[in-house]
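# Structural features, examined
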Amino acid sequence: MRPNSDDDEDPFGSGIEDLLAGMTGGDEAPVDVHEYDDEIRVVADLPETTPEDVEIQCDGRTVAIYAAVEPRPFVTRVDLPAYVDDQSGQRNLNNGILEVTFDRDTDPANIGFH
């Protein structure tokens, strides 16, 4: 359907973001991913959280961050730009800013055929 220039309203209403957030069980926190030569750093804005509130999971290619805060938890899943060593994660939470740093790893599918 072509948009009509006479229409001022969004046909889906303004609540679509609330609906999507409700489906994931929480709000998405703003997240930045920084890529360096030997590491990948994920930075998330998690206001009013403590280290005990935050759970991080990584499978080497994706990082999931869950922060149990009221009234709704923050839930974020980030695809990383490169493979990382999922056991190398080091986190720092300071003034509501979470930084998680992972060492780069090689692609597990690269088994070295010549």
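Residues numbered from 1 in each chain as written. Predicted model: local features only at pLDDT ≥ 70, side-chain atom pairs only at ≥ 80, totals over all residues. Heavy atoms only, no water.

## Remarks on unusual backbone geometry
A positive phi is found at E48, a non-glycine position, where the angle reads about 60°. For E48, the location among the structural elements is in the loop between β2 (39–45) and β3 (54–58). For E48, a relative accessible area of 75% puts it in the exposed group. For N95, which is not glycine, the phi torsion reads 55° and is therefore positive. Mapped onto the elements of the fold, N95 is located in the loop between β6 (90–94) and β7 (97–103). In this structure N95 comes out as exposed when scored by relative accessible area, which is 75%. (Helix = DSSP H or I, 4+ residues; strand = E, 2+ residues; numbered from the N terminus. Buried < 20%, exposed > 50% of the residue type's maximum accessible area, 1.4 Å probe, protein only.)

## Quick notes on the pattern of salt bridges
Scanning the entire structure with this criterion turns up two salt bridges. E35 serves as the salt-bridge partner of R104, at 2.6 Å between the closest nitrogen and oxygen. Taken together, the residues span a long stretch of sequence, with R104 in the segment after β7 and E35 in strand β1 (residues 31–35) at a distance of 69 residues. For E35, a relative accessible area of 45% translates into the label partly exposed. (Salt bridge = Lys/Arg side-chain N within 4 Å of Asp/Glu carboxyl O.)

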